[in-house]
Every structure is written in structure tokens, then in C-alpha cells.
Amino acid sequence: MEPTPERPYTHLELTAEAAKVLAHPLRSRLLGALRRGGPASATSLAAELSTNTGATSYHLRKLESVGLVTDTEEGRGKERLWAATTQSHGWRDSDFGGDEDAQTALGWLVRDYHRQFDTHYAHWLDVADSWPKEWTDVAGMTDTWVDVTPEQAAAMAQELEAVVNKYLRVGAGDPRARRLQLWRFLFPLDADDVPDDVPGTETIPADDGSGSRGDGS
């Protein structure tokens, strides 16, 4: 999906097949690396992710088969230069209700994104003391809870999305600007208090995890 005023970044809704392909430790990391760093060869990606070029090339081709990455055709000689096809991806859980394999893949992806968050945030905590106070004062985490219906939760998510989109590129070109990761989690506080199914209610779409929309992770 091409950028729009409401969603100013390229986006891909996962098919069942794409979800199954992406649900792999190296493939998930490869997509994230391409979104963060831009086009790269299998060799440079292998070095970045501490794996071998053969495995990297194989899994890049698997990602290519479902439209998640593409060969830019700008490589030198036999070396291919790969790029992520979009800046983000997402899905609606309800779209895969009849596909147990796809549901399993999506479950793995969500847990993988949680692991990536834990890794990235733990690294930030390790190095935060080396950053200027003007950055450490605005970085951090918070939590709260709200009492809402599914429809109100969907509306809140859309409003938060609009705020994030407003600031996506406002620092572009400013030498003081740095890329920040913003992770959003929305889940029931009382997870064991499962409501009865109400037919016809709207399903809130799952986020793309990255995320950092750029992470894909």
C-alpha cells in the first residue's frame, strides 16, 4: 500500500503465506535490518546478523517469494542488492481465523517482536548514561489503563497513530535529530476476564510490531 495523508509510509497487509514465511528467526531479523539500514547485500547482512551468506541468500529469496523484500537490480556483478518492499506490515487476527498454521505463525511473530523489544530496550538501558540529558529526559517508558469498549479502543488507536504519523519525518535534515523507536502495546489489564463473543463487533487490527514500523519487528 502506497503512502497516504493518513498513513504516510508504505505498508503491506500480510497474507497467510507471507505470515508463514516471515515467522522464522533469521527472516524476521533480515526484514528488520533492511528496514533500518536500507538496501544491502546478502554478504553485508550476514556479517551484521552473525550468520553465513548462503543462509542469508536463501532466506532473502523466501522473503522475496511473498513480496516482503525485492532485488533492487543495483548490485555489482553477481552480488544482489536487497531492499524491503515496504516500511511496515500488519494484519487483522480475524482474517486468519480458519487457518491454524497462519495463526501459529502470527503467534510466533508477536512473541518474536516482544523479544526484539526486550533486546533493544535493554541495550538502550545499558548505554543511556552516555547520552546527553536532553535525550534521556524524553526517553523512557510509561503505563496506564483505560476503560473502553472495543470501538473506543479502535478510535483511540487511530488517534495515537495520527499523532505518531505527524512526527514521522519532522526532524529530517536536522543534524540534532536521531531516530527513536516507539513501541505501543495494547492489551487487557484483566487478561483472565474473557468477555462473551458479541457478533458484529469490530476487530482491532494488530500492529506491525517494529515497529518501529521500520523494524518489522
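Structure's up top.
Worth saying up front: this structure is predicted, and the values here are computed from it rather than measured.

**Q** So what exactly am I meant to see when it comes to the packing of aromatic side chains here?
**A** What the rule picks out here adds up to six aromatic pairs. An angle of 70° between the planes, with centres 5.4 Å apart, marks the rings of Phe117 and Phe185 as edge-to-face. Placement of Phe117 in helix α5 (residues 100-127) and of Phe185 in the loop between α7 (150-166) and β6 (210-213) is noted, with a sequence separation of 68 residues between them. Where Trp131 meets Trp135, the ring centres are 6.0 Å apart and the plane angle is 85°; that geometry is what we call edge-to-face.

**Q** Just to check I follow, could you spell out unusual backbone geometry for this structure?
**A** For Ser50, which is not glycine, the phi dihedral falls at a positive 55°. Here Ser50 falls in the exposed class, since its relative accessible area comes to 69%. Of note, the phi angle at Glu73 is positive, near 60°, even though the residue is not glycine. Considering the arrangement of structural elements, one finds Glu73 in the loop between β3 (69-71) and β4 (81-84).

**Q** Teacher, can you tell me more about a nonpolar patch on the surface here?
**A** Residues Val163, Tyr167 and Val170 make up a contiguous nonpolar surface patch of roughly 320 Å² in combined accessible area. Locating Tyr167 in the fold gives a position in the loop between α7 and β6. Tyr167 gets classed as exposed once you look at its relative accessible area, which sits at 51%.

**Q** Would you mind going over the sheet that holds strand β2 (residues 40-41) with me for this structure?
**A** Within a sheet, each strand pairs with its neighbour through backbone hydrogen bonds, oriented either parallel or antiparallel. Within the open sheet, the three strands sit side by side as β2-β4-β3. Their pairing is antiparallel. In this open sheet, the two strands that pair with only one neighbour each are β2 and β3. Pairing of β3 with β4 involves three bridges; the strand directions are antiparallel. Note that in β4 the partner of Thr70 across the bridge is Ala83.

Scoring rules and cut-offs
- Residues numbered from 1 in each chain as written.
- Predicted model: local features only at pLDDT ≥ 70, side-chain atom pairs only at ≥ 80, totals over all residues.
- Heavy atoms only, no water.
- Phe/Tyr/Trp six-rings, centres within 6.5 Å; stacked < 30°, edge-to-face > 60°.
- Helix = DSSP H or I, 4+ residues; strand = E, 2+ residues; numbered from the N terminus.
- Buried < 20%, exposed > 50% of the residue type's maximum accessible area, 1.4 Å probe, protein only.
- Patch = residues over 30% accessible without salt bridge, like charges linked within 9 Å, V, L, I, M, F, W, Y side chains within 5 Å.
- Areas by Shrake-Rupley, 256 points an atom, 1.4 Å probe, with all protein chains shown as cover.
- Salt bridge = Lys/Arg side-chain N within 4 Å of Asp/Glu carboxyl O.
- Pairing = 2+ DSSP bridges.

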